[in-house]
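Reading the structure
Chain residues, written in single-letter form:
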Amino acid sequence: MKIYYVPKKNMIIVAAALLLALAMLGWGMIDRQPAMTTSEVNEPIFQGNSGAKAVALTVNVDWGEEYIPAMLKQFKAADAKVTFFVTGRWAEKNPALLKQMAQAGHSIQNHGYRHLHFNSLSPDQGSAEIKKAEEVIRGITGTKTRYFASPYGEFNANVVAAAHNIDYKLIMWSVDTVDWKRPLPETIVSRVMKKAHNDAIILMHPTEPTLKALPEMLRQLQAEKYQLLPIDQVVLDAPSKPEQGGKANEKK
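Now for a description of the structure that goes with this document.

**Quick word on the packing of helix 8 (residues 185-195) against helix 9 (residues 208-223)**
When two helices pack together, their arrangement is captured by the angle between the axes and the distance separating the axes. Following both chains from N to C, one finds helix 8 and helix 9 inclined at 40 degrees, their axes separated by 8 Å at the closest point. Taken together, the axes of helix 8 and helix 9 lie oblique to each other. Judged by the sense of rotation from one axis to the other, the crossing of helix 8 with helix 9 is right-handed. Residues Pro185, Ile188, Val189, Val192 and Met193 of helix 8 form the contact with helix 9, whose participating residues are Pro209, Thr210, Lys212, Ala213, Glu216, Met217, Gln220 and Leu221.

So, in structure tokens, the structure goes:
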């Protein structure tokens, strides 16, 4: 058997070539990594980040105005400030009630102009729906909206971009009452209290069972020492990942 010796100089050249090839392969792999997307940078907000023992009660409104005056009385009795996400078309039909909600110290925010499936809209179309609702709400309350709750709880990259492109924060929730299915009031209370946590965002709608559940729900939350604050006092800046619960479908 013959043994071939490679000169030391040649071995150095071969080793250098291998190292260069590996380096080029590595850079190629790095170049092929996907760029960070808008949805990764601007995630929907499922809960607050204030660090306080507080919850944000949110009420999404495109119908159910017959229950809102009585809900306002319950919130006043409990000294609770909540957030109403209203559609622009609802605001146009109920301007006096919307003013009453705002004058009571509640936060009025944006649910889009129409209750559409925003997942099917382009970012520009979504932004236009949000801006149209903003104009209506501002014309009635005098206040600009800054937070957007997507109808049906939908979000994808287009919805995230639609909100981000016009400097809105996309709000979801960490506790869902599923009250649009009209469960028993005690079921709503149980769902909230089982999942309540610091900085929770609690999703509700104006329904009869919700109205009936409110006195006990508010009493138990306050007994647990939770502050009942509007969304802008619970969501401060950077988004937080959900602690409990998360996205589920709203009423269709």
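**Considering the nonpolar core**
Nonpolar side chains in soluble globular proteins generally cluster together in the buried interior. One finds Leu57, Phe75, Phe84, Met101, Met217 and Leu221 to be the most contacted residues of the largest nonpolar core, which totals 40 residues. At six residues, helix 9 tops the list of elements feeding residues into this core. For Phe75, the contacting residues outside a window of four places in its chain are Leu57, Ala80, Val82, Phe84, His106, Met204, Leu214 and Leu218. Ranked by size, the runner-up nonpolar core spans 16 residues in total, among them Phe85, Leu203, Ile231 and Val234.

**Describing the packing of aromatic side chains**
Counting across every chain of the model gives three aromatic pairs. Look at Phe46 and Phe155: their rings are 6.2 Å apart centre to centre, the planes differ by 75 degrees, and that puts the pair in the edge-to-face class. Of the two residues, Phe46 sits in the loop between helix 2 (38-41) and strand 1 (54-61) while Phe155 sits in the loop between strand 4 (147-148) and helix 7 (157-164), which places them 109 residues apart along the sequence. Ring centres of Phe75 and Phe84 lie 6.3 Å apart, and the angle between their planes is 70 degrees; this geometry places the pair in the edge-to-face category. Residue Phe75 is classed as buried on the basis of its relative accessible area, which comes to 0%. Classification of Phe84 as buried rests on a relative accessible area of 0%. Lying over the aromatic face of Tyr226, Lys53 brings its terminal NZ or CZ to 4.1 Å of the ring centre. Directly above the aromatic system of Tyr113 lies the positively charged group of Lys132, at a separation of 4.1 Å from the ring centroid.

**Side note on the pairing of strand 7 (residues 200-204)**
Counting buried residues in strand 7 gives five out of five residues, a clear majority hidden from the surface. The side-chain alternation of strand 7 yields two buried faces, one formed by Ala200, Ile202 and Met204 and the other by Ile201 and Leu203. When strand 1 meets strand 7, the two strands line up parallel, connected through five bridges. Along strand 7, the bridge assignment pairs Ala56 with Ile201. Relative to strand 7, strand 6 (residues 175-176) runs parallel, the two being bridged by two bridges. The partner of Asp176 across the bridge, within strand 7, is Leu203.

Each value, and the rule that gives it
- Residues numbered from 1 in each chain as written.
- Predicted model: local features only at pLDDT ≥ 70, side-chain atom pairs only at ≥ 80, totals over all residues.
- Heavy atoms only, no water.
- Axes fitted to C-alpha atoms, helices over the stretch in contact; angles between N-to-C directions.
- Helix = DSSP H or I, 4+ residues; strand = E, 2+ residues; numbered from the N terminus.
- Parallel < 35°, antiparallel > 145°, perpendicular 65-115°, else oblique.
- Left-handed = near helix turned anticlockwise from the far one by under 90°.
- Contact = heavy atoms within 4.5 Å.
- Core = buried A, V, L, I, M, F, W, Y, C linked by side-chain atoms within 4.5 Å.
- Buried < 20%, exposed > 50% of the residue type's maximum accessible area, 1.4 Å probe, protein only.
- Phe/Tyr/Trp six-rings, centres within 6.5 Å; stacked < 30°, edge-to-face > 60°.
- Lys NZ or Arg CZ within 6 Å of the ring centre and 35° of its normal.
- Pairing = 2+ DSSP bridges.

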